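Notes for the structure review
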Amino acid sequence: MCLTLPAKVVSVGKNGKAIISSGTKDLEISLGPVNDIEAGDWVLYTNEFLVKKIDEQDAREIFDLLASYPKPDYDNLEDKFKKVLESASRQTLTKSDLEYLFQLEDSALLQALYSEANITRKSNIKDHICIHGIIEFSNYCRNNCAYCGLRADNHEVKRYRMSPEEIVATAVQAVDRGYKILVLQSGEDLWFDEEKICQIIKDIKSKCRVFIYLSIGDRSFAEYEKFRQAGAGGVLYRFESSNEKLYAEMRPGHILSERINILKKLKEMGYVLATGSIIGLPGQTASDLANDVLLMKELDTFMPSFGPLIPSKNTPLAGESKVDFSMVLKMIAISRLVMPKSRISVTTAMETMRSTDGRQSAFMAGANSVMFNLTPAKYRDDYYIYENKFFDAGEKYEKWALFKGELSYQMMEKELNIEI
Ligand code: 5AD
Ligand code: SF4
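**Details of the domain arrangement of the protein**
Domain assignment breaks the protein into domain 1 (2–65) and domain 2 (125–389). Summarising the inter-unit geometry, the C-alpha centres of domain 1 and domain 2 are found 35 Å apart. The partner domain 2 presents seven residues to the seven residues of domain 1 that form the contact. Where domain 1 meets domain 2, there are zero salt bridges. Linking domain 1 to domain 2 there are zero residue pairs in polar contact (both at pLDDT 80 or more). Residue composition of the side of domain 1 that touches domain 2, by class: four nonpolar, two polar and one charged.

In structure tokens:
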């Protein structure tokens, strides 16, 4: 689902259209499903039509959320920075440009970087914020990733599995509320075999119209083919780190080249890719982060998905220090400059570090996608990737953004260039 934008009604014509003021300019726009407005009312609109009437207070909250940093004073910025921004606008950023940006520390330059990224977002995809719902349906995992609280060797975790019926019911309920993109996530849990996963996807798709990302880790290509045929549209499958050595240390028994091959193959199968890395892994350098961004681009990632390491108890990384939040904002901004049209996700780890204010800072640095946790409350605390995982039901966003009906599906398909 995409966040709609607020505007004030200037006048309502007899031609099924209204003139609205978005703050910067007046637009003529189709009334769509709205028929009870007059001049002075506040409304939400998409590129093509009005969605609904709202309170002025709600409109102000959305404006705040979509606030920007002031435009930088370009004359006072160092030459190297200006050169790099020029390369960004020509889409010719090199790896060394990215490393330079990751190493920035001066606060004026950082603000200029975020601001530039936000302008890039606005000029490429306007203020449309994509809303996803995630259902964490099993926390069993056969793997032992060094960073993750759900690793098999962590016996302190209370393990759970939702039943297939419960998963389907949770998904259908979400779509009823207006969600149109869902992520079905679990640890690597083979209890959910090919047949069960296919049946879950088919059951959901037979009951409602929704785009499904799978986030279930390694499966054979044959299985992924079956999931695709059953109706899965995307995969959320991170490469975690583009540094081979670091990857092997963090994911014992796995090698990076295999992960990358799988991502490429999934893309060939027609899956939409959401992938990325963890920021702040031990020994990670600016060069590694630059390579992470380049790898996301090379893979033609539709939804860059990355977040800071949150050191989790009962894992080998429990004693690691937390990365500075500015590193996360740099990653967002640099990814935006390198992939101007992508859907950069504000992830739970970012919110856990900084709560809702993290979300707004992320938008201001170029992010444009959010993920709300729809896992039923009784399981939520046990999906224990790390401590104090942030939770927000996203009610505020749902009020603004989740609207139903054929028009809303058409709009999403067009904007995201995906079939739902
Ligand atoms: N901190 C941040 N992100 C983590 N993940 C797992 N453990 C952590 C952690 N401690 C991320 C991984 C994985 C995703 C589901 O969660 O990137 O792909
Ligand atoms: Fe399992 Fe995923 Fe955690 Fe690795 S990151 S241990 S695969 S749940």
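**A word on the nonpolar core**
The biggest cluster of nonpolar side chains holds 146 residues, and the ones touching the most others in it are Leu50, Phe81, Tyr224, Phe227 and Ile332. When residues of this core are assigned to domains, at least three fall in each of domain 1 (2–65) and domain 2 (125–389). Excluding residues within four positions of it along the chain, phenylalanine 227 makes contact with Glu194, Ile197, Cys198, Ile201, Leu214, Ile216, Arg219, Ala232 and Tyr271.

**A word on the site of ligand 1**
Tyr147, Cys148, Gln185, Arg238, Glu240, Ile278, Pro308, Leu309, Ile310, Ile385 and Tyr386 make up every residue found near ligand 1. At 2.5 Å from an oxygen atom of ligand 1 is found a side-chain nitrogen or oxygen belonging to glutamate 240. Expressed as a share of its isolated accessible area of 410 Å², the protein-covered part of ligand 1 is 86%. Residue composition of the shell around ligand 1, grouped by class: eight nonpolar, one polar and two charged.

**Details of the site of ligand 2**
Near ligand 2, the surroundings consist of Cys141, Asn143, Cys145, Tyr147, Cys148, Arg151, Gly187 and Arg251. In the shell around ligand 2, the residues fall into four nonpolar, two polar and two charged.

**Considering the packing of aromatic side chains**
On inspection of all chains with the given rule, the structure shows eight aromatic pairs. Taken together, a centroid distance of 4.8 Å and an interplanar angle of 85° make the contact between phenylalanine 137 and phenylalanine 192 edge-to-face. Remark: phenylalanine 192 occurs in the loop between strand S7 (181–186) and helix H6 (194–207) and phenylalanine 137 occurs in strand S6 (residues 130–138); sequence separation between them is 55 residues. Ring geometry for tyrosine 224 against phenylalanine 227: centres 5.6 Å apart, planes inclined by 80°, an arrangement best described as edge-to-face. Taken together, the residues span about one helical turn, with tyrosine 224 and phenylalanine 227 both in helix H7 (residues 221–230) at a distance of three residues. Sitting over the face of the ring of tyrosine 140, arginine 161 holds its NZ or CZ atom 3.9 Å from the ring centroid. Across from the ring centre of tyrosine 409, 5.0 Å away, lies the NZ or CZ of lysine 180, which sits over that ring.

**Side note on the side chain of serine 361**
Of note, serine 361 is situated in helix H12 (residues 348–364). The class of serine 361 is buried, set by a relative accessible area of 9%. When sequence neighbours within four positions are dropped, the list of residues in contact with serine 361 reads Phe325, Leu329 and Arg354.

Conventions and cut-offs
Residues numbered from 1 in each chain as written. Chains lettered and ligands numbered in written order. Predicted model: local features only at pLDDT ≥ 70, side-chain atom pairs only at ≥ 80, totals over all residues. Heavy atoms only, no water. Domains from an automatic or database assignment. Contact = heavy atoms within 4.5 Å. Salt bridge = Lys/Arg side-chain N within 4 Å of Asp/Glu carboxyl O. Polar contact = N/O pair within 3.5 Å; in protein donor to acceptor, adjacent residues only side chain to side chain. Nonpolar A, V, L, I, M, F, W, Y, C, P; charged D, E, K, R; others polar. Core = buried A, V, L, I, M, F, W, Y, C linked by side-chain atoms within 4.5 Å. Buried < 20%, exposed > 50% of the residue type's maximum accessible area, 1.4 Å probe, protein only. Near = heavy atom within 4 Å. Areas by Shrake-Rupley, 256 points an atom, 1.4 Å probe, with all protein chains shown as cover. Phe/Tyr/Trp six-rings, centres within 6.5 Å; stacked < 30°, edge-to-face > 60°. Helix = DSSP H or I, 4+ residues; strand = E, 2+ residues; numbered from the N terminus. Lys NZ or Arg CZ within 6 Å of the ring centre and 35° of its normal.

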